[in-house]
Amino acid sequence: MDEDGEKRAFAQRDVRDEEGFVRNRASKESHARFSLGRAFSCAGDGLVFALRSQRNMKIHLAVSAVAVILGVLLRIDVASWIAIVLCIAAVFAAECFNTALESVVDLVSPGYHELARRAKDCAAAAVLVFALAAVAVAALVFVPRLTALLGA
């Protein structure tokens, strides 16, 4: 199934499954509390959706795995680990926001509209900014260590 088909299937499942939806009409009208466990479950569903449906999220995951493996092999210090972990988290969060925005734009503007394109392009640009910053941090952390290790 292609990316768009996967998004539609996921969205249709949510619409049909009112009880599993984040906030359905009955729960809003009754002012029912949303349990913390259910909130974490919904967040997990969102992360899984982004990982399954977004090619770039899979790329970010692979690059993150390489960064963690390099960090372990090169025995980076705590400050470097903090920088790497924050970069990984920032890129993942940005990609999740981008996926959410794309989903909402597709919902409210199923046809082409220039404003919809701009919104999606700007959200994608935000991910790109975080990803480029993460590459810069990775270069600052790993290049000196790799250079010293290789004796160059």
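Residues numbered from 1 in each chain as written. Predicted model: local features only at pLDDT ≥ 70, side-chain atom pairs only at ≥ 80, totals over all residues. Heavy atoms only, no water.

Draft legend 1. Broad picture of the environment of A93. With respect to the helices and strands, A93 occurs in helix α5 (residues 78–108). Among the residues examined, A93 registers a relative accessible area of 35% and is labelled partly exposed. In this structure the C-alpha to C-alpha distance between A93 and L47, which are 46 residues apart in sequence, comes to 9.2 Å. (Helix = DSSP H or I, 4+ residues; strand = E, 2+ residues; numbered from the N terminus. Buried < 20%, exposed > 50% of the residue type's maximum accessible area, 1.4 Å probe, protein only.)

Draft legend 2. Main features of unusual backbone geometry. Phi is positive for R75, which is not a glycine, with a value near 50 degrees. Mapping R75 onto the fold places it in the loop between α4 (55–73) and α5. R75 sits in the exposed class, given a relative accessible area of 73%.

Draft legend 3. Here's a closer look at α4. In a regular helix each residue adds 1.5 Å, so 19 residues correspond to 27 Å; α4 covers 27 Å between its end C-alpha atoms and thus fits that length. M57, H60, S64, A67 and G71 are the residues of α4 that are buried. Seen along its axis, α4 keeps its buried residues to an arc of 80 degrees; they face one direction. When the buried face of α4 is taken as reference, the exposed residues oriented beyond 90 degrees from it are R55, I69 and L73. Against the buried residues of α4 lie α3 (36–53), α5 and α6 (114–150). (Expected span 1.5 Å × (residues − 1). Arc of directions from axis to C-beta. Contact = heavy atoms within 4.5 Å.)

Remember, this is a structural readout, not a statement about activity or role.
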